[in-house]
Each structure stands twice: as structure tokens, then as C-alpha cells.
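Each chain, written out:
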Amino acid sequence: QVVDYMIERFGEFVSYRPRVTTETYLLWYGPWVLIGLGVLVVFLLSQRKGAAAPSTEEVSAGLVSSASPRARSEGVAMHDSKADARVAKQSKIADLVNKYDE
């Protein structure tokens, strides 16, 4: 009687084994849809990153160019403004340290 009352009042969502109806599709298929979406997102993100980055040994040996394929085809080296800004900041700091050490 209690179970019937709870189902009558709150719907199939309160039972441990709800029937598969149009009202309970979300309960039955929702978790599978979320898992599928999660797998799809992981797959798309892994494809987006593309090929693995070259190892440090390859870069130091000169086996891999740091320029993009387009830049290589045009004969232009790739310019990394963040790295340049970092180097400039480090050199300013080094100049200040040297100035105060004198």
C-alpha cells in the first residue's frame, strides 16, 4: 500500500525498478546518453590536439622544425610573441639585479 501510494503521489521515479514508459525514459536512458556524450567529448578533444609534440631530443637534434607547415612552405620562421615577452621580462629583471649589485 505504501509503495502504491508513493508511486501514485510522486510517480515512477520513486520506485527502485520503474517501468520503461515515456515518462521514465530519462531515468533509463539518460545515464547512457551522458556517458556517450562524455566519450564523444573526450574523442573530439583528443583529435583536436593532433599529433603528439616532438620530444626534446628531436628538437635539440634539429630533426623537427619549430615552424608550422605553412610557415615552412613560405620559408618564414614561426614567431612566438609570448616567449619573446617572457625573455624580454627576464632580461629586464636581470638588468635590474645587475644594476643593484654594483
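Residues numbered from 1 in each chain as written. Predicted model: local features only at pLDDT ≥ 70, side-chain atom pairs only at ≥ 80, totals over all residues. Heavy atoms only, no water.

## Some details on the overall build of the protein chain
1) Next: The helix and strand inventory of the protein chain stands at 5 helices and 0 strands.
2) Next: In sequence order, the protein chain lays out its α and β elements as α-α-α-α-α.
3) Next: Looking at the protein chain as a whole, 7% of its 102 residues qualify as buried.
4) Next: Carbon and sulfur atoms make up 62% of the accessible area of the protein chain, which totals about 9600 Å². (Helix = DSSP H or I, 4+ residues; strand = E, 2+ residues; numbered from the N terminus. Buried < 20%, exposed > 50% of the residue type's maximum accessible area, 1.4 Å probe, protein only. Areas by Shrake-Rupley, 256 points an atom, 1.4 Å probe, with all protein chains shown as cover.)

## Some details on the confidence of the model for the protein chain
1) Next: Mean pLDDT over the protein chain stands at 74; residues scoring 70 or higher make up 66%.
2) Next: Taken element by element, the protein chain is modelled with least confidence in helix 4 (residues 69–74), mean pLDDT 52, and with most confidence in helix 2 (residues 25–49), mean pLDDT 90.
3) Next: Scored below 50 in pLDDT, residues 74–78 shows 6 contacts in the model against residues more than four places distant or in partner chains. (pLDDT = per-residue confidence, 0-100. Contact = heavy atoms within 4.5 Å.)

## Some points on the packing of aromatic side chains
1) Next: Per the counting criterion, the structure on display carries 1 aromatic pair.
2) Next: Taking the centre distance of 5.7 Å and the plane angle of 50° together, the rings of Tyr-25 and Tyr-29 count as tilted. Of this pair, Tyr-25 and Tyr-29 are both found in helix 2, 4 residues apart, which corresponds to roughly one turn of the helix.
3) Next: Its relative accessible area of 41% is what places Tyr-25 among the partly exposed residues. (Phe/Tyr/Trp six-rings, centres within 6.5 Å; stacked < 30°, edge-to-face > 60°.)

## A short note on the environment of Ser-15
1) Next: Take Ser-15: it is sitting in the loop between helix 1 (2–10) and helix 2.
2) Next: The exposure class assigned to Ser-15 is buried, which follows from its relative accessible area of 17%.
3) Next: Sequence separation between Ser-15 and Asp-4 is 11 residues, and the spatial gap between their C-alpha atoms is 9.4 Å.

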